[in-house]
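Listed here are the chains, written in short residue letters.
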Amino acid sequence: MDKIVRGIAGDGQIRCFAIESTQLVEEARQRHNTSPVVTAALGRLLSGGAMMGTMMKGDSDLLTLKIDCSGPIKGLTVTADANGHVKGFPIVPQVSLPASPAGKLDVGRAIDLGVLTVIRDTGMKEPYSGTINLVSGEIAEDLTYYFAASEQTPSSVALGVLMNKNNTVKKSGGYIIQLMPDASEEIIDTLEKRLKDMEPVTSLLSGGHTPESMLSLILEGFDLQLMDEMPVQFYCNCSKERVSRALISLGTKELDEMIKEGESIEVNCHFCNTNYKFDLEDLEHLKKVGKQ
């Protein structure tokens, strides 16, 4: 089961998050028909976004992670809420690249140079927004740098997606370990050494580790206290009704143009790749509603 666990350790000097996201990343792969390297990139961003979403307080708060890049993938967008709902899409779903020198999917090359923008919409007049230049395009390192540069929170982010031979998702997940402002030098040093020697996330998950046991392994001896866990899923709140409202908001002139063309239209949701079809009768009805 896909889930996120959250905890604290080191007498509150460390906070931690871990996720297993295999099913949600496989659903994203199916919805967007992504090639393996794009699945890996989108899967990492979905996992990171889902964990970061749970850092928000309000039920209606929304987090958006947006990568604009020069690599063949062109860009990725993920949004997440505080309750384990996450969705996302790549600009280019099919990218084919040789493996990296380490024999892995070359996410860094697929993304290449670019910027990461993090937007937190908490219902205030202006959403909080922070932008950084990508440091590697590998996503985990970029999020680690974002936390340090934009939020002044020393963090270690690890994310991974492992594919089966048939290009379905075998394992996906990750963790975020963050030091609180009062963290002692001793804790910082010990944690740095341990994280440096830690196996990759995909190795841990393939070896049978769960989000809980990953955190137990990393934070052994730090009196880890798991606070809660929540299910996490690929979830899109689009619907024909929402798309209808968007079409009505275009105005009667735009709807008239569509009707004059004499053909039904299809509207696609970027996030979940669902198509909504509106025939001429539907468009006439929306025009009437718009005039009321």
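Presented here is an overview of the structure given in this document. Residue indices follow the written sequence of each chain, beginning from 1 at its first position. The model is predicted, so local features are restricted to residues of pLDDT at least 70 and side-chain atom pairs to those at 80 or more, both for listing and for counting; the totals for chains, interfaces and linings are taken over all residues. Side-chain metrics in this entry use all non-hydrogen atoms of the structure; hydrogen atoms and water are not considered.

### Some words on the overall build of the protein chain
Right, so step 1: Secondary structure follows DSSP: runs of H or I at least 4 residues long count as helices, runs of E at least 2 residues long count as strands, and numbering of each begins at the N terminus. Within the protein chain, the secondary structure is distributed over 10 helices and 13 strands.
Right, so step 2: A globule of 292 residues ought to have a C-alpha radius of gyration of about 19 Å, and the protein chain, at 21 Å, matches this closely.
Right, so step 3: On the principal axes, the C-alpha backbone points of the protein chain span a range of 70 × 45 × 35 Å.
Right, so step 4: A total of 292 residues make up the protein chain; the buried ones form 49% of that total.
Right, so step 5: The contacts in the protein chain between residues at least 6 apart in sequence include a share of 64% that link residues at least 24 apart.
Right, so step 6: Methods summary: accessible areas were calculated by the Shrake-Rupley approach with a probe of 1.4 Å, and residue burial reflects only the protein chains presented. Carbon and sulfur atoms provide 50% of the accessible area of the protein chain, an area that totals close to 14,500 Å².
Right, so step 7: Positive charges come from Lys and Arg, negative ones from Asp and Glu, while His and the chain ends are left out of the count. Note that the charge is assigned to NZ on lysines, CZ on arginines, CG on aspartates and CD on glutamates. Between the mean site of the 29 positive side-chain charges and the mean site of the 40 negative ones, the protein chain shows a separation of 5 Å. The atom set for the radius of gyration is the C-alpha atoms, and the globule formula is 2.2 Å times the number of residues raised to the power 0.38. Type-normalised accessible area, obtained with a 1.4 Å probe on protein chains alone, sets the label of each residue: buried when under 20%, exposed when over 50%, and partly exposed for intermediate values. A contact between two residues is defined here by any heavy atoms of the two lying within 4.5 Å.

### Structural notes on the pairing of strand S8 (residues 155–163)
Right, so step 1: Most of S8 sits out of view: 8 of its 9 residues are buried.
Right, so step 2: A pair of strands is treated as paired once DSSP finds two or more bridges between them. Both S8 and strand S9 (residues 169–179) contribute to a ladder of 9 bridges, which runs antiparallel. Bridging across to S9, valine 161 finds its partner in serine 172.

### Some thoughts on the nonpolar core
Right, so step 1: What makes a nonpolar core is a set of buried Ala, Val, Leu, Ile, Met, Phe, Trp, Tyr and Cys residues whose side-chain atoms join them at distances within 4.5 Å. By size, the foremost hydrophobic cluster in this structure holds 55 residues, and its most contacted members are Met52, Ile67, Leu76, Ile111, Leu116 and Ile139.
Right, so step 2: For this core, the element with the highest residue contribution is helix H2 (residues 36–53), accounting for 10 residues.
Right, so step 3: In contact with isoleucine 67, other than residues within four places in its own chain, are Leu45, Lys74, Gly75, Leu76, Ile111, Val115, Leu116, Leu134 and Ile139.
Right, so step 4: Ala9, Ile14, Met198 and Leu219 belong to the second largest nonpolar core, which has 23 residues in total.

### Here we look at the sheet that holds strand S1 (residues 3–9)
Sheets are built from strands paired through backbone hydrogen bonds, the pairs being either parallel or antiparallel.
Right, so step 1: Reading across the sheet, the 5 strands line up as S8-S9-S2-S1-S10 and stay open at both edges, with antiparallel pairing between neighbours. Each edge of the open sheet is held by one strand with a lone partner, namely S8 and strand S10 (225–231). Pairwise comparison of adjacent strand axes, ignoring direction, gives a mean angle of 10° for this sheet.
Right, so step 2: In terms of strand pairing, S1 meets S10 through 6 bridges, oriented antiparallel. In the strand pairing of S10, isoleucine 4 is matched with methionine 230.
Right, so step 3: Together, S1, strand S2 (14–20), S8 and S9 form the strand contacts of H2, whose direction differs from that of S8 by roughly 140°. Helix axes use the C-alpha atoms of the stretch in contact, all axes being lines fitted to C-alpha atoms, and the angles between their N-to-C directions lie in the range 0 to 180 degrees.

### Observations concerning the packing of helix H8 (residues 240–249) against helix H10 (residues 280–291)
A packed helix pair is summarised by two numbers, namely the angle formed by the two axes and the spacing between the axes.
Right, so step 1: Relative to each other, H8 and H10 sit at 65°, their axes nearing to 9 Å. The way H8 lies across H10 gives a crossing that is right-handed. Note on element contacts: H10 touches H8 through Asp282, Leu286, Val289 and Gly290, opposite Lys240, Ser244, Leu247 and Ile248.
Right, so step 2: Each residue gets one of three labels, nonpolar for Ala, Val, Leu, Ile, Met, Phe, Trp, Tyr, Cys and Pro, charged for Asp, Glu, Lys and Arg, and polar for the others, Gly among them. The class makeup of the residues in the contact of H8 with H10 is 4 nonpolar, 2 polar and 2 charged. By convention, the crossing between two helices is left-handed when the near helix turns anticlockwise from the far helix through less than a right angle, and right-handed when the turn is clockwise.

### Some thoughts on the side chain of lysine 287
Right, so step 1: Position of lysine 287 relative to the elements: it lies in helix H10.
Right, so step 2: Side chain to side chain, lysine 287 and aspartate 256 meet in a polar contact 2.7 Å long. In protein, a polar contact means a hydrogen-donor-capable atom and an acceptor-capable atom, both N or O and within 3.5 Å, with residues adjacent in sequence counting only if both atoms are side-chain atoms; elsewhere, any N or O pair within 3.5 Å suffices.

### Focus: unusual backbone geometry
Right, so step 1: Residues other than glycine seldom take positive phi values, yet asparagine 167 does so here, at roughly 70°.
Right, so step 2: Topologically, asparagine 167 is positioned in the loop between S8 and S9.
Right, so step 3: Not every positive phi belongs to a glycine, and aspartate 223 is a case in point at roughly 55°.
Right, so step 4: Within the secondary structure layout, aspartate 223 lies in the loop between helix H7 (211–218) and S10.

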